[in-house]
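# Structural overview
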Amino acid sequence: MAEKNKVLMKGNEAMGAAAVAAGCRHFFGYPITPQTELAAYMSKTMPKIGGTYLQAESEVAAINMVYGASAAGARTMTSSSSPGVSLKSEGISYLAGADLPAVIINVQRGGPGLGGIQPSQADYWQATRGLGHGDFHCVVFAPSSVQEMADYVYKAFDVADEYRTPVLILADGMLGQMMEPVVLPEPKTELPEKPWATCGHHNKRPHNVANSLYLTADALEKLNIERFARYAQIEENEQAAECIMTDDADIVLVAFGASARVTLSAVKKAREKGIRAGLLRPITLWPFPKKAIDETTGTAKAYLTVEMNMGQMVDDVRLAVNGRVPVEFYGRTGGVIPTPAEILAQIEALAEKVGE
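Presented here is a report on the structure given in the accompanying data block. These numbers were taken from a predicted model, which means no experiment stands behind them.

## Focus: unusual backbone geometry
- Going from Thr33 to Pro34, the amide bond is cis rather than trans, its omega being 10°.
- By secondary structure assignment, the location of Pro34 is in the loop between strand 2 (26–29) and helix 2 (36–45).

Laid out in structure tokens, this is it:
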């Protein structure tokens, strides 16, 4: 990437710019720290390109506006931070139930409740397990840099359209507020056709209907089974992870997002001390990158997950490791970011325990 094409941007703004490049022309949201710069960026940009920016009266209203725009075939997005995403959960379930694509961004803050505005990763369970009621999944991307925030927002629109599903970007206050050089993606000139959209038929086809209400149990069961067949395709095709120094690692650290940045520093320090440590960074949280875990179990004597919560992703790591070796957890919560020194101390203690 040519240096001249790089621009210095805040993570929140880079996500907005990437969404515009991906063809998003409709944004509905409600302000909340630490994602507000994203909404502010869209409020300035959308009128200039013939798009729609609307600050809804609530998060509940915003997600239902996304539903309407998506049903009409538009690429549309909303963003919020932790408590705001909770308010959107019913609408996200409706989107999934109607097989409507949309991009939802969560720039996480500490919780539960109103919590604090400092960065957190305590919404992992919500994102991967409880983003709304009923039987459904959302694809979840976890960027760890401003560049990835742009790249995965851009990709999210394509994934959402391909599988007709909501896609969530799970960022955090640290990534949203930091500034880094970023190369923005090229604007899309063509978008996929959506023959299912409720955008008027001009008497050329039967009516399209966007709906998630099925009063016959057999009909709803059939639809859910069909949807889960699509989820199986997503699990097969879309798992993504980055592996750093894991080929010979005795201790594999697993961390995503902002935690992965700090963890990598600790892994490098451990290597300097002669400890064979490596980093496995999940990029998709759902589908969880089980294949990448499997590829490391041949050498790993233990796994250590590092998270900014009380222990959430560690459950998925344990499921993927399936009892082959120990899986331990280290985390900070409430908006506290773990330091490389803290993580290094955990690596050293674990190395001694497993006989590194």
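## Digging into empty space enclosed by the protein
- A complete count under the given rule lists one cavity of 30 Å³ or more for this structure.
- Reported here for the largest cavity is a volume of approximately 40 Å³.
- What lines the largest cavity is Ala74, Arg75, Thr76, Pro101, Ala102, Val103, Phe157, Ala160, Asp161 and Lys194.
- Per-element tally for the lining of the largest cavity: the top contributor is helix 6 (residues 146–163), with three residues.
- In the lining of the largest cavity, the residues fall into six nonpolar, one polar and three charged.

## A few points about the packing of aromatic side chains
- Inspection of every chain in the model, using the stated rule, returns five aromatic pairs.
- With a centroid separation of 5.6 Å and 45° between ring planes, the pair formed by Tyr124 and Phe256 is classed as tilted. You can see Tyr124 sitting in helix 5 (residues 124–128) and its partner Phe256 sitting in the loop between strand 10 (251–254) and helix 9 (257–272), a full 132 residues away along the chain. Each member of the pair, Tyr124 as well as Phe256, is classed as buried.
- Seen from their ring centres, Phe141 and Tyr152 are 5.2 Å apart, and the 25° between their planes marks the pair as stacked. Here Phe141 is found in strand 6 (residues 139–141), whereas its partner Tyr152 is found in helix 6, with 11 residues between them in sequence.
- Aromatic rings pair up to connect Phe228, Tyr231 and Trp286 into one cluster.

Cut-offs used in this document
Residues numbered from 1 in each chain as written. Predicted model: local features only at pLDDT ≥ 70, side-chain atom pairs only at ≥ 80, totals over all residues. Heavy atoms only, no water. Helix = DSSP H or I, 4+ residues; strand = E, 2+ residues; numbered from the N terminus. 1 Å grid on protein atoms, 1.4 Å probe; cavity = no way out; pocket = protein on both sides within 12 Å on 5 of 7 lines; lining within 4 Å. Points joined across faces, edges and corners; volume = space filled by probe spheres on them. Nonpolar A, V, L, I, M, F, W, Y, C, P; charged D, E, K, R; others polar. Phe/Tyr/Trp six-rings, centres within 6.5 Å; stacked < 30°, edge-to-face > 60°. Buried < 20%, exposed > 50% of the residue type's maximum accessible area, 1.4 Å probe, protein only.

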